[in-house]
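Understanding the architecture of this molecule
Listed here are the chains, written in short residue letters.
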Amino acid sequence: MGDDALIHSYRLSEWCSNAPILEEDLALTNFSLDMIGRAQALLTYAGQIDGKGKTDDDLAYRRGERQFYNHLIVELPNGDFAHTIARLLFTSVFEYYFFAELLHSADITLAAIAAKTIKEVKYHMTHATDWALRLGDGTEESHYRMQKAVNSLWMFTGELFETDEATAVLEDKNIAVDMAVVKTKWKQEIERVMKESLLEVPEDEYMQTGSSNGIHTEHLGHILSEMQYLQRAYPEATW
Amino acid sequence: MATDSQLAMWEVFIQSKPGANYIHAGCVHASDKKMALQNARDTYTRRGEGTSIWVVPTDAIVASNPEDNDMFFDPANDKVYRLPTFYVMPEGAKAI
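Okay, so let's go over this structure. Note that this is a predicted model, so its numbers are computed, not measured. (Residues numbered from 1 in each chain as written. Chains lettered and ligands numbered in written order. Predicted model: local features only at pLDDT ≥ 70, side-chain atom pairs only at ≥ 80, totals over all residues.)

The subject of this paragraph is the overall build of chain B. In terms of regular secondary structure, chain B is built from two helices and three strands. In chain B, the order of α-helices and β-strands from amino to carboxyl end is β-β-α-β-α. For 96 residues, the compact-globule estimate of 2.2 N^0.38 gives 12 Å, and chain B exceeds it by more than 25% at 20 Å. Taken along its principal axes, the extent of the C-alpha atoms in chain B is 55 × 40 × 15 Å. For chain B, the residues scored as buried account for 17% of the 96 residues in total. Intrachain contacts of chain B at a sequence separation of at least 6 include 42% that bridge at least 24 residues. (Helix = DSSP H or I, 4+ residues; strand = E, 2+ residues; numbered from the N terminus. Rg over C-alpha atoms; globule rule 2.2 N^0.38 Å. Buried ≥ 20, exposed ≤ 12 C-beta atoms within 10 Å, placed from the backbone. Contact = placed C-beta atoms within 7 Å.)

So, on to the interface of chain B and chain A. On the side of chain A, seven residues touch chain B, which itself brings 11 residues to the contact. Within the residue set of the side of chain B that touches chain A, elements represented by two or more residues are strand E2 (22-30) and helix H1 (33-44) of chain B. For the side of chain B that touches chain A, the class distribution of residues is three nonpolar, five polar and three charged. (Nonpolar A, V, L, I, M, F, W, Y, C, P; charged D, E, K, R; others polar.)

Right, let's get into the nonpolar core. Side chains of a nonpolar character, in soluble globular proteins, are inclined to be buried together. Ile85(A), Ala86(A), Leu89(A), Val93(A), Phe94(A), Ala132(A) and Met146(A) are the most contacted members of the largest nonpolar core, which totals 59 residues. It is helix H5 (residues 81-102) of chain A that provides the largest number of residues to this core, a total of 14 residues. The residues contacting Leu89(A), other than those within four sequence positions of it, are Ala128(A), Thr129(A), Ala132(A) and Val193(A). With nine residues, the next largest nonpolar core counts Trp10(B), Val28(B), Ala30(B) and Val55(B) among its residues. (Core = buried A, V, L, I, M, F, W, Y, C linked by C-beta atoms within 7 Å.)

Let us look at helix H6 (residues 108-136) of chain A. End to end, H6(A) covers 40 Å across 29 residues, agreeing with the expected 42 Å (1.5 Å per residue, within 8%). When the local axis directions of H6(A) are compared, the greatest deviation, roughly 35 degrees, occurs at Thr117(A). (Expected span 1.5 Å × (residues − 1). Bend = angle between axes of the 7 residues up to and from the residue.)

The next point concerns helix H8 (residues 165-172) of chain A. Burial runs low along H8(A): only zero of the eight residues are buried. The first or second residue beyond H8(A) is Asn174(A), which carries a positive phi of 60 degrees.

Residues and elements named next belong to chain A. Along the polypeptide, Thr117 turns up in helix H6. Each C-alpha atom, one on Thr117 and one on Ala39, is 10 Å from the other, the two residues being 78 residues apart in sequence. In this structure, Thr117 is in contact with Arg38 and Phe99, ignoring residues within four places of it in sequence.

The subject of this paragraph is the sheet that holds E2(B). All names here are of chain B. Strand order in this open sheet of three strands is E2-E1-E3, and the pairing throughout is antiparallel. Either end of the sheet is taken by a strand with one partner, and the two such strands are E2 and strand E3 (52-57). For this sheet, the mean inter-axis angle between neighbouring strands, taken without regard to orientation, is 30 degrees. In this structure, strand E1 (residues 8-15) lies alongside E3, joined through six bridges in antiparallel fashion. Counterpart to Ile14 in the pairing with E3 is Ile53. Across the sheet, H1 is in contact with E1, E2 and E3; its angle to E2 comes to roughly 115 degrees. (Pairing = 2+ DSSP bridges. Axes fitted to C-alpha atoms, helices over the stretch in contact; angles between N-to-C directions.)

Function cannot be read off these values alone, since they describe shape.
Structure, rendered in structure tokens:
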């Protein structure tokens, strides 16, 4: 989840100076900053649990592509505005229900991060939902673009709910959340928004997978080469 | 003036703390009420400036005409007796 926040933040920051209007430029980059804060909290905690003295910066700037575990959906290029909104809708609804469950985690640090995050994510979800409505139920062109974005991103949504042995162990200890619950709520909400936006929910066919094993699309490497450039070229560089 | 193609204009008023007056912060573009409120939030309250926001369509504001300034405002300039400056302040009273 920390990697999701970090990489999605990077993608949203690419909208800086490129959004359709100034206000939306501020909104998207503002979300990007929310996500940086979340990445910082989660990666700092991951470093502490790991116990090898790694900081959030070590984890962000000194891991290779195969050591990143963000979902593939967040590393995909922004595409057009509809594509960015469809992605934000899918991920923010997922995050909203995920962090709502994580509020009850037996791990008090995770529960505290969830309490802070859920307020931000709720806003991201509201913003994305409103735009989905405007674009889906907008002009012929906006509807077409929104439906196209939903269709092309759909195969990346299955991965959000994947579990493995590690998450099963954590779930038994009430640390991790029950993904089946998150998935049911996600699906319900997405179907509601799609219906209201006059968009069709694609069929669940082939779903992309791989990120839980560090297998990524070709896009993550390009993000990291730019994001990590400074620390790679000038290790220990400080402001 | 160039035509503004970026949606309708809304005026934004921010309340800094509960009970305080709403103060004009600036304006945003938006196509509807909800978008106006969200854009105002994203544009003007990112650094903890507010606890409440009003947005008003700019064309709903009725403004005085600068040409009427003589009639509207000048007569107030020479009425010093309207200012409560001729009272002796009671000792110790601060919040007057």
